[in-house]
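Observations on chain architecture
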Amino acid sequence: MLRIIRYSFADLIRSRWLYFYTGFYLVLTGALFFISADLSKVIVSLMNAILFIVPLVALLFGVMVQYNTREFTELLLAQPIPRRSIFLGQYLGIATALAISFLLGAGIPFVLSGIFLSGEIWNFSILLLSGVLLSYVFSALGYLLALINDNRIRGFGLAILVWLLLAVVYDGLFLLGLAWFSDYPLENVAIGVTVFNPIDLARILILLKLDVSALMGYTGAVFNKFLGTSLGMGLALIILVIWAVLPVSMIRYISLRKDF
Amino acid sequence: MIHLHHIHKSFGRLQVLRGVDLAFDQPGITAVLGPNGSGKSTLLKSILGMVLPNEGEIHFDGKPIDKLGQYRKDISYLPQIARFPENLRVHELIRMIESFRSQPSRSAELIHHFGLESVLDSQLGHLSGGTRQKVNLVLTLMYDTPVIILDEPTAGLDPVALVKLKELIIQAKDEGKILLITTHIMSLVEELADRVVFLLEGRIYFDGKPEELKQRVEEPNLEKAIASLLSGGHLTPIQPAQKDSKPIRKMNGKVVQPQVKF
């Protein structure tokens, strides 16, 4: 499987889209530093961008690479290697390439600004960790959607729908729900619902670490109040990891049963 | 070597293979023929474990094929469509496939044979269709395996490359290998094949020597023999499927006779 990861990775790191992605983060983070010299403000601004962009790009990359390598996958399937190595290897190659691209793009301006000498290093690390985890979660979801749907337009459409639901519509629906049921105690429900949205989990994880209560929103405040900072962060992190593992086990399950 | 026992395969409601029994034991070239959609590729892919039959068993070298796929080290397979990761270079791809098998490879000899030296450093996305097919052939034929499966090997090849491919196929046959080839080019079949398996709508309608086929339909050449086979008269499956007696294909409730296009 390591060989597949290596070659899938080698193929992707030469893709101009990935350079564009890294360049985008470099420019964005650089621009944020240009506007404000305050590290924690830059981290919060960057977080808002990451929570939108990382899931979208990872989903689209996951779908795109799966579709683009279909015929090549046939060649791999004819080799004496087990199926699970091929598909998990390809997925890990994509996710790792995306994660490294993000780390370089968002990380280099921080390193240049002297993050290692400041007290913000742990806040920054959590931001990077969240971005990396979201890259793994959403590229797995994208890869899985493409594996299930042979129709490419449907695969891309579903990926964008998943992104819209989790990154955009979810917040609106959540607020509507809170307004409608404001007479009831909703704290447990809020925690329960958050579990279903990895983007919200990543946001909570970063904000709990930053301890910016004004930006936490309802779910973040509930996490903070009922679970405390460390337990809240621990729980958010564990569920995010589960979010990364579940689609991968689905990829494995489907790839063992699919015809090519 | 390869034994298929009563293989059934459907994709959704479309039945692609309907009870195929075949054995490939003797060295030589078998041409698997049939119109588009007759189940040729599905048949070959099920031998490789890429398509999983709904029913039936496939044995390779006396053992049922397994999901780990170690038996595939004895098979070389040329897929029908040659598309590779666009950003990898030709030599990287060859090295990658070589790294999957700890078997000696004769890639250098084949690269020279097909004149690919000048494109070794090119990215695969920049190659023409014919050159990609040559790379595909190098990847397939670089191992010394007892079984070689070629799905439309002539697609996109220029006449010079086609002659070189034929040389390699004949060389493999002379070495006592089992070759399974699908193609729509009847002259190639006539020139090379020792055995013809004719598939239509997922059933085998003929399995024997090309001469026998010509005699059976009383046609002097294979192209005409196949056309005659398809035009009616001689269309009787040699292995009628026992489990289903449904019409061959239904479209909007009407029974439609097999449409044959080459």
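Along each chain, residue indices are assigned from 1 in the same order as the chain's sequence is written. Chain A is the first chain written and ligand 1 is the first ligand written, with later ones labelled in order. Local features in a predicted model are, by the rule used here, given only for residues with pLDDT of at least 70; side-chain atom pairs are given and counted only at 80 or more, and totals for whole chains, interfaces and linings are based on all residues. Working from all heavy atoms in the structure, the side-chain values ignore hydrogens and water.

In this text, helices come from DSSP runs of H or I with a minimum length of four residues, and strands from runs of E with a minimum of two, each type numbered from the N-terminal end. Helix span, as expected, comes to 1.5 Å for every residue beyond the first. With 41 residues, helix α10 (residues 217-257) of chain A extends only 43 Å from end C-alpha to end C-alpha; this falls clearly short of the ideal 60 Å at 1.5 Å per step. The angle between axes fitted to the seven-residue stretch ending at a residue and the seven-residue stretch beginning at it gives the bend at that residue. Of all the bends in α10(A), the largest measures some 110° and sits at A:Gly228.

Another aspect to go through is the interface of chain B and chain A. Note on contacts: a residue pair is in contact if any heavy atoms of the two residues lie within 4.5 Å. Between chain B and chain A, the residue contacts involve 35 residues of the former and 26 residues of the latter. Buried area adds together the accessible area that both of two parts lose upon being put together, with accessible area traced by a 1.4 Å probe. When chain B packs against chain A, the two sides together hide about 2900 Å² of surface, and 56% of this comes from carbon and sulfur. Counting the surface chain B buries against chain A, the share from its top three residues, B:Met50, B:Arg83 and B:Phe100, is 23%. With its nearest N and O atoms 2.6 Å apart, the salt bridge here joins B:Glu92 to A:Arg14. Between N or O atoms, a polar contact is any pair within 3.5 Å; within protein, one atom must be a potential hydrogen donor and the other a potential acceptor, and residues adjacent in sequence are included only when both atoms are from side chains. Applying the counting criterion to the chain B and chain A interface returns 16 residue pairs in polar contact (both at pLDDT 80 or more). Broken down by secondary-structure element, the contributors of at least two residues to the side of chain B that touches chain A are β1 (2-11), α2 (90-100) and α4 (129-141) of chain B. Of the residues forming the side of chain B that touches chain A, the biggest block, seven residues, is contributed by α2(B). Note that Gly is not counted as nonpolar here; it falls among the polar residues with everything else outside the nonpolar set of Ala, Val, Leu, Ile, Met, Phe, Trp, Tyr, Cys and Pro and the charged set of Asp, Glu, Lys and Arg. When the residues that make up the side of chain B that touches chain A are grouped by side-chain class, the tally is 17 nonpolar, seven polar and 11 charged. Only one rule defines a salt bridge in this text: a Lys or Arg side-chain nitrogen within 4 Å of an Asp or Glu carboxyl oxygen.

Adjacent strands of a sheet pair through backbone hydrogen bonds, lying either parallel or antiparallel. All names here are of chain B. For two strands to pair, DSSP has to find at least two bridges joining them. Pairing is mixed across the open sheet formed by six strands, whose spatial order is β6-β7-β8-β3-β9-β10. Two strands bound the open sheet, and with one partner strand each, they are β6 (75-78) and β10 (203-208). Shown here is a sheet whose adjacent strand axes are inclined to one another by a mean of 15°, direction ignored. Of the pairings in the sheet, the one linking strand β3 (residues 28-33) to strand β8 (residues 178-182) comprises five bridges and is parallel in character. Following the sheet pairing, Ile29 is matched in β8 by Leu179. Strand contacts of helix α1 (residues 40-47): β3, β6, β7 (147-151), β8 and β9 (195-200), with the helix running at about 150° to β7, the strand carrying the most contacts. Fitted lines through C-alpha atoms serve as axes, helices being fitted only where they are in contact, and the angles separating the N-to-C directions of these axes extend from 0 to 180 degrees. On top of the sheet, helix α7 (residues 210-217) reaches β9 and β10; it is set at about 110° to β10, its chief contact.

Below, the discussion takes up the pattern of salt bridges. Applying the stated criterion to the full structure yields 15 salt bridges over all chains. A salt bridge links B:Asp74 to B:Lys73; the nearest nitrogen and oxygen atoms lie 3.9 Å apart. The closest approach of N and O atoms between B:Asp194 and B:Lys173, which form a salt bridge, is 3.0 Å. In this pair, B:Asp194 is assigned in the loop between α6 (186-192) and β9 and B:Lys173 in helix α5 (residues 159-174), connecting sequence segments 21 residues apart. Relative accessibility decides the category of a residue: with a 1.4 Å probe and only protein chains considered, values under 20% of the type maximum give buried, values over 50% give exposed, and everything between is partly exposed. Relative accessible area serves as the criterion here: at 30%, B:Asp194 is assigned to the partly exposed category. Members of the salt-bridge network, linked through shared partners, are A:Arg70, A:Asp150 and A:Lys258.

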